[in-house]
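Here is how the chains run, residue by residue.
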Amino acid sequence: MSVLHVLVICTFALTCNASLNVHDRMYVLLKATSPCVLRLNGTRSFGCTSSRSGNVGVLHLAHNASDLDWVLNASPMDSYTVGITFSMFNLETLKRMNSSSKIQGVLLMQNISRADVPEFSPEDTCPNRYSGLAAPPTRQNTCDQPWNVNGSGIMLQNWNIPIFFTDDKDAISKIDDCFHKFNLPLDDSQTSRSLCALEMTAHMYGSVDSRTCIRRSNLAFSMNPIQFCQALGDENIYAPIVPLANYKRKSYIVVATRMDATSLFYGQTPGALAAATSLVSLLLTAKLLFQLTNNADLSKYENNVLFVAFTGEAYDYIGSSRIVYDLKRGQFPFKEQAISKDDIKLYIELSQLFNVSELNYHTSSPEVQSFVGNFTRNAKKHLTSVNVSKSTRSSVPPSSMQSFLAMNSKLPGLVFSSYDDHFHNKYYHSIYDDKFNIKYTFSNGSAPTNSLQEYVAGFATTLAHTLYEMLANQTTPPTDVISKEESDQLLNCYVDSLDCEYFKQSGVIYTSRETKPNFYVSVATYDVNPLTTLTKYILIYFMGKNTTIADEQQCIDRMQTTFTNHVWLPDKKLCIESTVNSTSAVSPAFVIDNYDMTSGQYSTWTESSWEAISVRMFMKPSRGYEWLVFVTGILILIASFAITFWINRNAKQLFNYPNLITASNI
Ligand SMILES: *[C@@H]1O[C@H](CO)[C@@H](O)[C@H](O)[C@H]1NC(C)=O
Ligand SMILES: *[C@@H]1O[C@H](CO)[C@@H](O)[C@H](O)[C@H]1NC(C)=O
Ligand SMILES: *[C@@H]1O[C@H](CO)[C@@H](O)[C@H](O)[C@H]1NC(C)=O
Ligand SMILES: *[C@@H]1O[C@H](CO)[C@@H](O)[C@H](O)[C@H]1NC(C)=O
Ligand SMILES: *[C@@H]1O[C@H](CO)[C@@H](O)[C@H](O)[C@H]1NC(C)=O
Ligand SMILES: *[C@@H]1O[C@H](CO)[C@@H](O)[C@H](O)[C@H]1NC(C)=O
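Definitions and limits used
- Residues numbered from 1 in each chain as written.
- Chains lettered and ligands numbered in written order.
- Predicted model: local features only at pLDDT ≥ 70, side-chain atom pairs only at ≥ 80, totals over all residues.
- Heavy atoms only, no water.
- Helix = DSSP H or I, 4+ residues; strand = E, 2+ residues; numbered from the N terminus.
- Buried < 20%, exposed > 50% of the residue type's maximum accessible area, 1.4 Å probe, protein only.
- Contact = heavy atoms within 4.5 Å.
- Areas by Shrake-Rupley, 256 points an atom, 1.4 Å probe, with all protein chains shown as cover.
- Lys, Arg positive; Asp, Glu negative; His and termini not counted.
- Charge placed at Lys NZ, Arg CZ, Asp CG, Glu CD.
- Near = heavy atom within 4 Å.
- Polar contact = N/O pair within 3.5 Å; in protein donor to acceptor, adjacent residues only side chain to side chain.
- Nonpolar A, V, L, I, M, F, W, Y, C, P; charged D, E, K, R; others polar.
- Phe/Tyr/Trp six-rings, centres within 6.5 Å; stacked < 30°, edge-to-face > 60°.
- Lys NZ or Arg CZ within 6 Å of the ring centre and 35° of its normal.
- Salt bridge = Lys/Arg side-chain N within 4 Å of Asp/Glu carboxyl O.

**Re the overall build of the chain**
Working step 1: A count of helices and strands for the chain gives 16 helices and 23 strands.
Working step 2: With respect to the three principal axes, the spread of C-alpha positions in the chain is 110 × 70 × 50 Å.
Working step 3: In the chain, which comprises 666 residues, the proportion classed as buried is 54%.
Working step 4: Counting only contacts in the chain whose residues sit at least 6 apart along the sequence, the fraction spanning at least 24 positions is 79%.
Working step 5: About 29800 Å² of surface is accessible on the chain, with carbon and sulfur atoms providing 54% of the total.
Working step 6: Averaging the positions of the 53 positive and the 58 negative side-chain charges in the chain gives two centres separated by 4 Å.

As structure tokens, then:
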């Protein structure tokens, strides 16, 4: 290569670089956008992806069907990205856009108040329809009719385009302005103008299914392994009333709920009715029951109450199926204190509780009658405007209890819920299952009557009193109750803001700036979810005993010698003793050697990895201008070749080279 060639290439590279920089500055990054990401199970993939370098298209705003028809059928440019509002965001419209080669991406722009969104659930009409009791070996039909009547199934499709969400006013007004200024009128004149365009980047590394993607991860680059996808999972939390080490009788009442939810858009999982209200009810029940039994002689108790919060339930019951798996192997909660399946005398689950007048229980076991009788008696005092009744539907709703029934069909168990034969939650597993959905407003100690706060306090009191009667073997109910101030404070933590009074009091050190509760289970390999950690600490706060130990090392040592959990709270300089502990919530599919990922027995959900996620807006030059740049480029290229050729030809004269010594000269 001649000196000149190198020179020419260098100048080219320099000018290219310079123009790239100018280009970069013309991009506007739209903040506060959440992507739909890709997840996989053992046999297929679900969700969205963009091309590796991002999808680019001219911005189009579609407020109604005719707007959409125009872009699909009459628009002059080759590729578009479409901004749509809520009323257009449904399965049918998305499918039309997905199947058009013109549409490069979709941005859902929330332009109305969250409170005004009509029903929206991207989940299946029968959530977890292939797992729990429906999984082998039981294979029961749990979906004779839909539970989640508003389910559109958008989350269970494979989309070929990126789909983003934003409710950021600033981003939405930037998009609106840019569209109105540059992209209107909508006609063939678009080809001759500079147009506002969006670039959406959400490239997902995972593909095909969990099995393929994990094999690729393990195989491909063993020197420097790349995780194309990772198993979903986290930790389940449990806490017995009687410390396990002191309890040999083995007759357990399990009181359980889930502490996870999901949604179509990453990072936006408020899970208020899917998880928060029931979790708060469980935590307050634990608080009161601990208070009632704190000074009692626990060794007299025939029964023990075990509180459990499962996670990963949205993805084929990850948490509960793992506990059941561990239980069958004699490993739950751990080998030394193993509980067996016959030790569970009663299983009670709290699911989608909120303040309506009907509290239903779902059960197929006649053995729960005496418990229900006692509960109803107590409810008359503390849940005065609520009617407790058996569900009219005989099949078991989607719930963690299915995992236990799959192990033991005779399990005396029931699920308490605020729905009868189908969910009342119109926003199940969506970004709108938030405080507006449950009509919650933090009232800092002055919650009104008939409010959610009063209901949750009443439920927790009723349940705790009923459990206390069973433990203490007496029928005179205790006087302590959960106040609606307490439930208001705790609901505030789980529905509104992690930066709340109770979490501060619990002594946990939480430094993240993110204060919105996020109930998504996420992948197992990272740290424990903030919400799981906070839940563990709030339980320790509710069910812990202060010790006199004033030093961290002694606190740790004490744990090893007494076999009871001790945590050190550095802020309070306090060592707290409690029974709260956690177990792995990673699906057995990832624990069992050579598990057949297609068998459907256990959850095989993984989440794809990604590198960059962004939505950027920029001005796309007109077609004429693009042609001009292209043609100029070609002309320059031809000219530079011609010049190089000419210079090479005449180099001798031009540069006065000395006569070269070549082999033939010698
Ligand atoms: C994966 O999901 C699909 C659709 O929901 C289902 O048909 C299939 O059985 C699932 N596969 C496994 C292994 O769970
Ligand atoms: C659809 O919305 C556009 C504005 O985006 C409006 O001009 C048009 O009249 C609407 N069409 C119908 C049928 O409502
Ligand atoms: C979206 O398009 C891809 C490829 O064209 C297709 O495989 C996929 O099934 C489509 N998704 C839906 C929900 O129609
Ligand atoms: C709640 O009330 C207390 C005192 O009544 C006050 O100190 C605190 O700032 C209030 N919190 C909020 C979030 O309003
Ligand atoms: C439930 O509580 C909310 C306030 O938290 C209230 O606005 C609503 O009316 C209550 N619903 C019923 C059925 O009482
Ligand atoms: C907590 O669980 C771990 C195993 O996960 C176990 O080794 C430990 O003993 C448990 N602690 C108590 C106090 O139960």
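Don't stop here, the text continues.
**So, the site of ligand 1**
Working step 1: Looking at ligand 1, the residues that line it are Asn-41, Gly-42, Thr-43, Phe-46, Tyr-130, Met-597 and Thr-604.
Working step 2: Asn-41 is positioned such that a nitrogen or oxygen atom in its side chain is 2.3 Å from an oxygen atom of ligand 1.
Working step 3: About the coverage of ligand 1: the protein hides 75% of its 360 Å² of free accessible area.
Working step 4: Within the shell around ligand 1, the residues separate by chemical class into three nonpolar, four polar and no charged.

**Things to note about the site of ligand 3**
Working step 1: Taken together, Lys-95, Asn-98, Gln-157, Asn-158, Trp-159 and Asn-160 are the residues near ligand 3.
Working step 2: One of the side-chain N or O atoms of Asn-98 is found 2.5 Å from an oxygen atom in ligand 3.
Working step 3: Here Asn-158 contributes a backbone N or O atom positioned 2.8 Å from a nitrogen atom of ligand 3.
Working step 4: If ligand 3 stood free it would expose 360 Å²; the protein chains cover 53% of that surface.
Working step 5: The class makeup of the residues in the shell around ligand 3 is one nonpolar, four polar and one charged.

**Some points on the environment of Phe-46**
Working step 1: Mapped onto the elements, Phe-46 comes out in strand 4 (residues 45–47).
Working step 2: Phe-46 sits 87 residues away from Leu-133 along the chain, and the two C-alpha atoms are 23 Å apart.
Working step 3: Residues in contact with Phe-46, not counting those within four places in the same chain, are Val-37, Leu-38, Arg-39, Leu-40, Asn-41, Met-155, Leu-156, Gln-157 and Trp-605.

**Digging into the side chain of Gln-489**
Working step 1: Summarising the element assignment, Gln-489 is placed in helix 11 (residues 484–496).
Working step 2: Residue classification places Gln-489 among the buried residues on the basis of a relative accessible area of 16%.
Working step 3: A polar contact is formed between the side chain of Gln-489 and the side chain of Asn-444, at a distance of 3.4 Å.
Working step 4: Beyond its immediate sequence surroundings of up to four residues, Gln-489 is in contact with Phe-442, Asn-444, Glu-501 and Tyr-502.

**A few points about the packing of aromatic side chains**
Ring pairs (aromatic) are described by centroid distance and by the angle formed between their planes.
Working step 1: The tally for this structure, following the rule as stated, stands at 33 aromatic pairs.
Working step 2: Through successive ring pairs, a cluster of aromatic residues spans Phe-46, Tyr-266, Tyr-315, Tyr-520, Trp-605 and Trp-610.
Working step 3: Here the basic side chain of Arg-216 rests over the ring of Phe-228, its NZ or CZ set 4.0 Å away from the ring centre.

**Observations regarding the pattern of salt bridges**
Working step 1: Here the structure, examined in full by the defined rule, presents 17 salt bridges.
Working step 2: The closest approach of N and O atoms between Asp-209 and Arg-211, which form a salt bridge, is 3.9 Å.
Working step 3: Given a relative accessible area of 5%, Asp-209 falls into the buried group.
Working step 4: The class for Arg-211 is partly exposed, based on a relative accessible area of 40%.
Working step 5: Here Arg-329 and Asp-326 are joined by a salt bridge, their closest N and O atoms 2.8 Å apart.
Working step 6: Through salt bridges with shared partners, one network takes in Arg-114, Asp-167 and Asp-434.

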